[in-house]
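Residues per chain, in single letters:
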Amino acid sequence: MKSFEFLSIEREEKPRKCGLTMVLDKGLGLETASSLMDISGEYVDYLKFGWGTSIVHEQDIIRAKVEMYKNHDIVPYTGGTLFELAYKNNKLEELFTEAHNLGFPAIEISDGSLNIHHEDKLDCIGLARDSGFEVLSEVGKKDPKLDKELDLDERIDNMHDELDAGSSLIIVEAREGGKNIGIFDKSGNAKEDEIDYILDNFNGDKILWEAPNKDQQVFFILKLGNTVNLGNISSDDITSLETLRRGLRGDTLGKI
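All values reported here derive from a predicted model rather than from experimental measurement.

Here we come to a negative patch on the surface. The grouping of Glu 5, Glu 10, Glu 12 and Glu 13 at the surface amounts to a negative patch. Locating Glu 10 in the fold gives a position in the segment before β1 (21-25). With relative accessibility at 73%, the residue Glu 10 sits in the exposed group.

A pair of packed helices is characterised by two quantities: the angle between their axes and the separation of those axes. Contact pair helix α7 (residues 152-165) / helix α8 (residues 192-201): the axes reach a minimum separation of 10 Å and the direction vectors enclose 40°. As far as their axial angle goes, α8 and α7 are oblique. As for the relative orientation of α7 and α8, their crossing is right-handed in sense. Along the contact surface, α7 presents Leu 152, Asp 153, Ile 156, Met 159 and His 160, while α8 presents Glu 194, Tyr 197, Ile 198 and Asn 201.

A complete count under the given rule lists 17 salt bridges for this structure. Across the salt bridge formed by Glu 162 and Lys 121, the nearest N and O atoms sit 2.9 Å from each other. Residue Glu 162 is located in helix α7, and its partner Lys 121 is located in helix α5 (residues 118-130); the two are separated by 41 residues in the primary sequence. Classification of Glu 162 by relative accessible area gives buried; the value is 1%. Residue Lys 121 is classed as buried on the basis of its relative accessible area, which comes to 1%. A single salt-bridge network, built from bridges that share partners, covers Arg 11, Glu 242 and Arg 246.

Turning to α5, a few remarks are in order. For α5, spanning 13 residues, the distance from its first C-alpha to its last is 19 Å, which sits close to the expected 18 Å at 1.5 Å a residue. Residues of α5 that are buried: His 118, Lys 121, Leu 122, Cys 124, Ile 125, Gly 126 and Ala 128. Residues of α5 that are buried in the fold lie against α3 (80-88), α4 (92-102), β4 (106-109), β5 (134-139) and α7. In the stretch just after α5, Gly 132 is the one whose phi turns positive, near 100°.

Another aspect to go through is the environment of Ser 110. Mapped onto the fold, Ser 110 is located in the loop between β4 and α5. The sequence separation of Ser 110 and Gly 140 amounts to 30 residues, and the corresponding C-alpha distance is 8.2 Å. Sequence-distant contacts of Ser 110, defined by excluding residues within four places in its chain, comprise Gly 80, Thr 81, Phe 83, Glu 84, Ile 116, Lys 121 and Glu 138. Side-chain polar atoms of Ser 110 contact the backbone oxygen of Gly 80, separated by 3.4 Å.

Below, the discussion takes up a nonpolar patch on the surface. Taken together, Phe 4, Phe 6 and Leu 7 make up a surface patch of nonpolar side chains, about 430 Å² in accessible area. If you trace the backbone, Leu 7 turns up in the segment before β1.

This next bit is on α3. Taken together, the buried positions of α3 are occupied by Gly 80, Leu 82, Phe 83, Glu 84 and Ala 86. Residues of α3 that are buried make contact with β3 (75-78), α4, β4 and α5.

With that settled, the discussion passes to the pairing of strand β6 (residues 169-172). Residues Leu 169 and Ile 171 point to one face of β6 and Ile 170 and Val 172 to the other, with burial holding for every one of them. By the bridge criterion, 4 bridges tie β5 to β6 in an arrangement that is parallel. Residue pairing for β6: Leu 136 is matched across the bridge by Leu 169. The sheet contact formed by β6 and strand β7 (residues 207-210) spans 3 bridges and is parallel. Residue pairing for β7: Ile 170 is matched across the bridge by Ile 207.

Calculation criteria
- Residues numbered from 1 in each chain as written.
- Predicted model: local features only at pLDDT ≥ 70, side-chain atom pairs only at ≥ 80, totals over all residues.
- Heavy atoms only, no water.
- Patch = residues over 30% accessible without salt bridge, like charges linked within 9 Å, V, L, I, M, F, W, Y side chains within 5 Å.
- Areas by Shrake-Rupley, 256 points an atom, 1.4 Å probe, with all protein chains shown as cover.
- Salt bridge = Lys/Arg side-chain N within 4 Å of Asp/Glu carboxyl O.
- Lys, Arg positive; Asp, Glu negative; His and termini not counted.
- Charge placed at Lys NZ, Arg CZ, Asp CG, Glu CD.
- Helix = DSSP H or I, 4+ residues; strand = E, 2+ residues; numbered from the N terminus.
- Buried < 20%, exposed > 50% of the residue type's maximum accessible area, 1.4 Å probe, protein only.
- Axes fitted to C-alpha atoms, helices over the stretch in contact; angles between N-to-C directions.
- Parallel < 35°, antiparallel > 145°, perpendicular 65-115°, else oblique.
- Left-handed = near helix turned anticlockwise from the far one by under 90°.
- Contact = heavy atoms within 4.5 Å.
- Expected span 1.5 Å × (residues − 1).
- Polar contact = N/O pair within 3.5 Å; in protein donor to acceptor, adjacent residues only side chain to side chain.
- Pairing = 2+ DSSP bridges.

So, in C-alpha cells, the structure goes:
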C-alpha cells in the first residue's frame, strides 16, 4: 500500500493500452537498474536499450537485465540504430537470432540515420514480426536538415504504412535531446499545429511521442491527458513523469 493514495489520480494498471511510458536505458548497471525498477517499475511499459549500447556490454549482463525488466512486466527492446547497423551490414538474420537468444521480445525498426527505401523498411517490419518480435517503428530522421525534408503528409503516410505492416506503435522521432527535430523547434517547444495535423490524420493511441524534456511531457499531458504515450524518458525521470500524470506536481495539479 502506498502513502497518501487518496490524494492521487488513479492510473490504469499494467498491461496498459494507453498512458504508456517508454524509458531509455543508456547503459545502466544491473544492480542500479534492478533497484530502480523495484521502486518505479510499475510506471514503465517499454524499456529501450539505446542505440548500440547492447554491443559494448557483456552478453550475460544484457541477458540478465532483459530478464529483470520482463519480471517487472516491462517490454525491453533493442534500439533502432542497432537495427540500422545490422541492415547496413546484411546481418538482419543474425540480429534476430541474437535478440531472441538474449531474451528480447521486441525490436525497434527505424531509418533515422540511414537512407532505407520505404518499401524495404516495411519488409523489415514484416520480417521482424514473422520472426516473433513485437515491432515498434520510428518515423523521422536524426539529422534536422533531412528531417525537415520529410513533410507532414509523407510522414503520416509512412506512419500508416508501418502500422499496416505490423508495427504495434509508431514512434515520432525527437532524439534524446528533443530540440530542433520533428515536432519540436530549436528551443524544444512543441509545434502544436503540426501535432494537431498528425492527430487529425492518425490514431493517437498508436503514437509514442518522444518527449525527453519535462516541459514537453507537461505539454502533452495537458493537451492530450495523462493517457498519452510518451517515450525517450530518462531513467532519472520515471517518478517525475508519473507524478505529472497523476497531478502530483505543480505543472499538472488541478489541470488534469
